Amino acid sequence: MGMGAAQVAAAKRLRWHVYGCDARGLLDPPRATQTAVWTDIDRDGKLDLFIGNENAPMQLFLNQGNGKFVDIAESAGLNKTGFVKAVVAGDYDNDGYPDLYVSNFRAQHFLFHNNHDKTFTDATQEAGIGQQGPTFPAWFFDYDNDGLLDLFVGGYYSSLSDVAAGYLGMPQKGEPLRLFHNLGNGKFRDVAPEVGLSKVFLPMGHNFGDIDNDGYLDFYLGEGNPSFAHVYPNVLFHNDGGRYFTDITASSGMGILPKGHGIAFADLDNDGDEDVVSVMGGPDPGDEHNTRLFENPGVGNDWLRIHLVGVKSNRAAIGARIRVTFKENGVERSVFRDVNSGGSFGSNPLRQHIGIGQAGSIEEVAITWPVTGRVQVFRGVPIETNVKIIEGDSTYSTYRLARLDFRTPGKGLISCAPAK
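Structure report, in brief. Per-chain numbering applies: the sequence of each chain, read as written, is numbered from 1 onward. Owing to the predicted nature of the model, reporting of local features is limited to residues with pLDDT of at least 70; listing and counting of side-chain atom pairs is limited to 80 or more, with chain, interface and lining totals taken over all residues. In computing side-chain values, all of the structure's heavy atoms are included and hydrogens and water are not.

1. Observations concerning the pairing of strand 5 (residues 81–90)
Remark: a regular strand shows side chains that alternate across the two faces of the sheet.
And then number 1: Burial classification: accessible surface area is computed with a 1.4 Å probe over protein chains only, and a residue below 20% of its type maximum counts as buried, one above 50% as exposed, and the rest as partly exposed. Counting from the N terminus, the helices are DSSP H or I runs at least four residues long and the strands are E runs at least two residues long. Taken across its ten residues, strand 5 has nine buried, putting it largely inside the fold.
And then number 2: Two strands pair under a simple rule: DSSP has to find at least two bridges between them. Here strand 2 (residues 48–57) pairs with strand 5 via three bridges, running antiparallel. The residue bridging Pro57 from the neighbouring strand is Thr81, located in strand 5.
And then number 3: Relative to strand 6 (residues 99–104), strand 5 is paired through six bridges, and the arrangement is antiparallel. Paired with Val88 across the strands is Tyr101, a residue of strand 6.

2. Looking at the layout of surface pockets
And then number 1: Computed over the protein atoms alone on a 1 Å grid, cavities are sets of points where a 1.4 Å probe fits but cannot get out and pockets are open sets with protein on both sides within 12 Å along at least five of seven lines; a residue lines them when it has an atom within 4 Å of a point. Grid points are joined across faces, edges and corners, and a volume is the space filled by probe spheres set on the points. In this structure, the largest pocket occupies an estimated 750 Å³ of space.
And then number 2: Looking at the largest pocket, it is lined by 43 residues, and the ones nearest its centre are Ala89, Ile318, Gly319, Asp338 and Val339.
And then number 3: Those elements giving two or more residues to the lining of the largest pocket turn out to be strand 1 (33–39), strand 5, strand 9 (135–141), strand 21 (321–328), strand 22 (331–338) and strand 24 (364–368).
And then number 4: When residues in the lining of the largest pocket are grouped by element, the largest group, six residues, is from strand 1.
And then number 5: Three categories are distinguished: nonpolar for Ala, Val, Leu, Ile, Met, Phe, Trp, Tyr, Cys and Pro, charged for Asp, Glu, Lys and Arg, and polar for the others, with Gly belonging to the last. When the residues that make up the lining of the largest pocket are grouped by side-chain class, the tally is 21 nonpolar, 16 polar and six charged.

3. Let's talk about helix 3 (residues 160–167)
A turn of α-helix holds 3.6 residues, and therefore any two residues three or four places apart point the same way.
And then number 1: The set of residues buried in helix 3 consists of Asp162, Val163 and Ala165. The arc that holds the buried residues of helix 3, viewed along the axis, is 155 degrees, so those residues lie on one side. Facing away from the buried side of helix 3 by over 90 degrees, the exposed positions are Leu160 and Ser161.
And then number 2: One or two steps after helix 3, the chain reaches Gly169, where phi turns positive at roughly 75 degrees. Arc, as used here, means the arc of the directions from the helix axis to the C-beta atoms.

4. Brief notes about the nonpolar core
The tendency in soluble globular proteins is for nonpolar side chains to be buried side by side.
And then number 1: Ranked by size, the top nonpolar core spans 25 residues in total, and within it Phe141, Phe152, Leu179, Leu197, Phe219, Phe237 and Phe245 carry the most contacts.
And then number 2: Elements with a minimum of two residues in this core: strand 9, strand 13 (203–209), strand 14 (218–223) and strand 15 (235–240).
And then number 3: If we ignore the near neighbours within four places in the chain, the residues touching Phe141 are Leu149, Asp150, Phe152, Leu179, Phe208 and Leu217. Side-chain atoms within 4.5 Å are what join buried Ala, Val, Leu, Ile, Met, Phe, Trp, Tyr and Cys residues into a set we call a nonpolar core. Every residue pair with non-hydrogen atoms within 4.5 Å of one another is taken to be in contact.

5. Some points on the sheet that holds strand 22
And then number 1: The strand order 22-21-24-25 describes an open sheet built from four strands, whose pairing is antiparallel. Looking at strand neighbours, the two that pair on one side only are strand 22 and strand 25 (375–379), the edges of this open sheet. Each strand of the sheet is rotated relative to its neighbour by a mean of 20 degrees, with strand direction disregarded.
And then number 2: Judged from the five bridges that link them, strand 21 and strand 24 form a sheet pairing that is antiparallel. When the sheet's bridge partners are listed, Ile322 is paired in strand 24 with Ile367. Lines are fitted to the C-alpha atoms to define the axes, a helix being fitted only along its stretch in contact, and any angle between axes, read from their N-to-C directions, falls within 0 to 180 degrees.

Function-wise, these values are silent; they only describe arrangement.
Now the structure itself:
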């Protein structure tokens, strides 16, 4: 049966997009993948693309600056083959260059140290991460606000009985969650047993954010498996001052059962706290489910949102470091953020939402830009507003966002109320 005019036009559009992408060097060759990360590996101000593939070598596309990319994975020492479920970027040793972590479902896991010359060294064993069982999610974040990026990795091997055993305080089989604390000397130590995370789950979608604006990052795991028999509740962990993680799934009402495939933290209604979106459902017909939006009721803590714009650095400011310093109950403390898109199976906004507890005011905001390493310090930044900082500018600007109404019938997401 021949195609109609509309089908022919659609096919031409599709062909144009495919060839347009291929002309940029990103489809040579096409491979099965579920994970990728943008990062500037050589600090030239242009974002490069690292891709983890399934049963095929990983790829590192270097940005040529003319709209084209070239795969340098082999010369960079990254052309490893595995069944990759997560690739994440972060400067774990604070030398100014992003390093890479690879979570592998069926083989060795890798921590690659950036050598500053478009090559990487496998630092997995030296860093104390070593061989693990099957894993899925991963991300870099500073869970204890000590200025060093830590590494979270979620195991992906368990059964319903194993998950239930954990809630009953009984022994569990399978690969547990792991939290690698950055020791500051190029090495990590798994502190999951000490902080309440040495438990077995089956996480797919996942991400982190600060649900109560206390300045410490919490996380949410979307669980499941393609099998119809594997249905597990999603899990929310609250970060208690960087010392312990508490499972608050039941009290939060977020322990839904449909399979969680993608998680995002974002203040969608612009009321000053982060809401959570969870894309639900399995891959097979009959296993679909509605996406969930969890509105945050708020707890009254203060906050600040920072939108960075790179000039010499990449425009999205990916890789920039933020330090917000304030006094809370007379005690000075700092909150640290690394500008990235969040976890590996889900995505958060690049505009950084930063909780500051009961600060009342901010002493200073310090930005370290990724290309130059220049540190800009701003004082007198107001709380509970959005701040835009352009690289190199000596001043910042503030702006308000209109509040969105999730609750009033008939208004929905497109109805706005005046901002406070």
